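# Examination of the molecular architecture
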Amino acid sequence: MKNVISSNQAVSYAVVSAKPQVIAAYPITPQSSVIEMIANFCDRGDLLAKFIPVESEHSAMAACIGASATGARVFTATSSQGLALMHELLHYASGLRLPIVMANVNRALAAPFNIKADLSDSLSQRDTGWIQFYCETGQEVFDTIIQAYQIAEQLLLPVMVNYEGFILSHTYEVVDIPKQEQIDSFLPLPPQRHCLDVEDPFVMGQTTDLYINFRYKLYQAMEAAAIVCKNVDTKFQRNFDRGYELIQPYYCDKAEIILVTAGTIAGTCRVVSDRYRKRGLNVGVLRIRLFRPFPKDQICQVLEGVKKVAVIDRDFSPGCGGIIAQEVKSALQGLRAHIPVYEYIIGLGGQDVTDDMIETIITRINNTKESEGCTWIGLLG
Amino acid sequence: MHMDRLARMKFPIPKEEFIHPGHTGCPGCGVALAMRYALKALGKKTIMVIPPGCAGVISGTFPFSAMKIPVLKVAFETTAICASGVRATLEMMEKKDVNVLAWGGDGATFDIGLQALSGAAERNDDIIYVCYDNEAYMNTGIQRSSATPQGAWTTTTPDSKNVPKKDIVQIMAAHKIPYIATASVGYPMDLIKKIKKAKDTSGTRFILIFTPCPTGWRYSPELTIRMAKLATETGIFPLYEIENGERYCLNRARSKRPLEEYISLQGRFRNLDEQGLQQIKERVKNNWEYLIRMTGEA
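Residues numbered from 1 in each chain as written. Chains lettered and ligands numbered in written order. Predicted model: local features only at pLDDT ≥ 70, side-chain atom pairs only at ≥ 80, totals over all residues.

### Observations concerning the interface of chain B and chain A
Across the contact, 36 residues belong to chain B and 34 residues belong to chain A. Sorting the residues of the side of chain B that touches chain A by element identifies strand S1 (46-50), strand S2 (71-73), helix H4 (79-92) and helix H6 (114-122) of chain B as the ones contributing at least two each. Of all the elements, H4(B) adds the most residues to the side of chain B that touches chain A, at 11 residues. Considering only residue class, the side of chain B that touches chain A consists of 19 nonpolar, 12 polar and 5 charged. The pairing of strand S9 (residues 203-204) of chain A with S2(B) spans 2 bridges and is classified as parallel. Counted as the bridge partner of A:Val203 is B:Val71 from S2(B). (Contact = placed C-beta atoms within 7 Å. Helix = DSSP H or I, 4+ residues; strand = E, 2+ residues; numbered from the N terminus. Nonpolar A, V, L, I, M, F, W, Y, C, P; charged D, E, K, R; others polar. Pairing = 2+ DSSP bridges.)

Laid out in structure tokens, this is it:
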């Protein structure tokens, strides 16, 4: 059924459809309405789950760890400072191989304080062993939550579904919510896994000198994750007539410049791409949807042969530049030809990213032969 | 005759063991004893949640384990809430007969895990939380915690700690949870009785178990039980219960043994001066009088 809802609402409806048994969460702007709705669904009996209203995000993730280790399908949602507070436990969740699904509403990290969109919160969690998706629309947010459970349960890895604060979380769009029977046939009950059980006692998460072997297993699971994500999306396409792939190229064949970005900035880039194509300059757009594991091979296939690549980051790693830019540059090492990568920092703290700003970027690229290093667009005053 | 008397005794400690022999605790470890008794009281249908600390070491390193029950090893400050998570799943799966036992040391309870414990207690989550109290971060090498008593040496209080031990029991009592008890490895029958009482109660149950530590307290390992008994007899660790944060019950009358008997056996109090000793005595006396008042017997 088609509904006009926000991405936060899309998440809560997706959670009802996925039927987790335990939800633990703590409110933070701009995530709050997700858990308000879920608390209501649990209260009304629309969702048969135990809702634990914890006293911090740290405890939200800890409760999910305890519940998932005992065999439940679980969910939590957070944002920014909350995700940063969870950091320690993100490692625990992946290390214990728990299929936890979490929605993270991308928001700037303090200080200074800012509650608007910025991808640095989740991108800076890239080494925690979580699969990470970045969405562009409310529909994609809904669908990715559903996909996330299947991916998590197949790989025994936690999955984080990211979408930008306010730009998506509080913006109303048409979102199709499939019938429950359709969701159930796509996402059956989770398969049995080795959990805490008084009939089969073992110690989970013990101290060990075999640590390196456990990490190797995690590496292997992550190596396999891109294919699993792809297969789950293919199956989703078959069942629901829509899918997203791991990366989304837009007019990248024969492009002279390709703009690489994540999240909602991609839409603005496509508008600008259309404009430039009419003017005779082929500008392609590549939206990265799956960030961990980083789909290197797929990205190289798209970028191979292009003259210039510009990575547009709504995030930033002090001392290094745009986080996605670093990943793209690293991926391109696999190619023989040298492709200059231009790096732009834009829209931090929810600043609007306009078509004019993207045009400015393209003009700058056209006027310079080599990358100018990390360039900041939209500084005020 | 002696053997005969033993045979006739109805020994109430359950025979079944849930910790394998050969665990990796120090000789004379109070924590290992407490775990052994508590698990005997709870039985096989128990899931244990253990943060880093002495209990984490005692339970063994992979691929070996000293435990015969399932255990989840969790982050230091999350003992209570991870246990709440385990309980939530059991509740959804309708496995009501499984005990969830959170088992943290004083550092994990008085210090880093206090927030999560307070959260669980405020929600009255259905868990048994045991704090094994050896009065410092023993596993990391005897650093002070807020459970370290005044006058005690630790590696981070090179002279001695100059502020008193935090009263965790009063903090928990303020949460009005259904059951709180203090227990000691010096009194195993009492300890088992209290764990069983906790088992038969629902909601958040908190038990503080006194577990002397020869390594950190600087006494000879064979004196652990004596140390535990002396702590109760001198009144520095009284045994009592609180129901719903209000109904107090003192389990053992304080004998007139002087505090010096307890203090003098431990190397950690070597820098305690006369003034400090008098302050501790005063506090012990006041606390005892407070507990008597709370029982309504005064």
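Moving on from the coordinates now.
### Notes on the pairing of strand S11 (residues 257-261) of chain A
Residues and elements named next belong to chain A. With 5 of its 5 residues buried, S11 lies for the most part within the structure. A two-sided burial pattern is seen for S11, the buried positions comprising Ile257, Leu259 and Thr261 on one face and Ile258 and Val260 on the other. Sheet analysis places S11 next to strand S12 (residues 283-288), joined by 5 bridges and oriented parallel. By the bridge assignment for S12, Val260 is matched with Leu286. For the handedness criterion, the β-α-β arrangement of S11, helix H9 (residues 265-278) and S12 is classed as right-handed. Two elements, S11 and strand S14 (residues 308-313), share 4 bridges in a ladder whose sense is parallel. Across the sheet, Ile258 pairs through a bridge with Val309, a residue of S14. (Buried ≥ 20, exposed ≤ 12 C-beta atoms within 10 Å, placed from the backbone. Right-handed = clockwise from strand over helix to strand, strands pointing away.)

### Describing the sheet that holds strand S5 (residues 179-184) of chain B
Strand order across the open sheet formed by 9 strands is S9(A)-S2(B)-S1(B)-S3(B)-S4(B)-S6(B)-S5(B)-S7(B)-S8(B), with mixed pairing between neighbours. Among the strands making up the open sheet, the edge pair consists of S9 of chain A together with strand S8 (247-250) of chain B. Sheet topology places S5(B) next to strand S6 (residues 205-210) of chain B; 6 bridges connect them, and they run parallel. Bridging across to S6(B), B:Ala181 finds its partner in B:Ile207. This element, helix H2 (residues 30-42) of chain B, spans S1, strand S3 (99-105), strand S4 (128-133) and S6 of chain B of the sheet and lies at about 160° to S4(B). (Axes fitted to C-alpha atoms, helices over the stretch in contact; angles between N-to-C directions.)

### Thoughts on the domain arrangement of chain A
Residues and elements named next belong to chain A. According to the domain assignment, chain A consists of domain 1 (2-240) and domain 2 (247-376). Computed over C-alpha atoms only, the centres of domain 1 and domain 2 are separated by 28 Å. Taken residue by residue, the interface counts 24 residues in domain 1 and 20 residues in domain 2. Elements with a contribution of two residues or more to the side of domain 1 that touches domain 2: helix H5 (120-123), strand S6 (131-134) and helix H8 (211-240). A breakdown of the residues in the side of domain 1 that touches domain 2 according to their chemical character gives 15 nonpolar, 4 polar and 5 charged. (Domains from an automatic or database assignment.)

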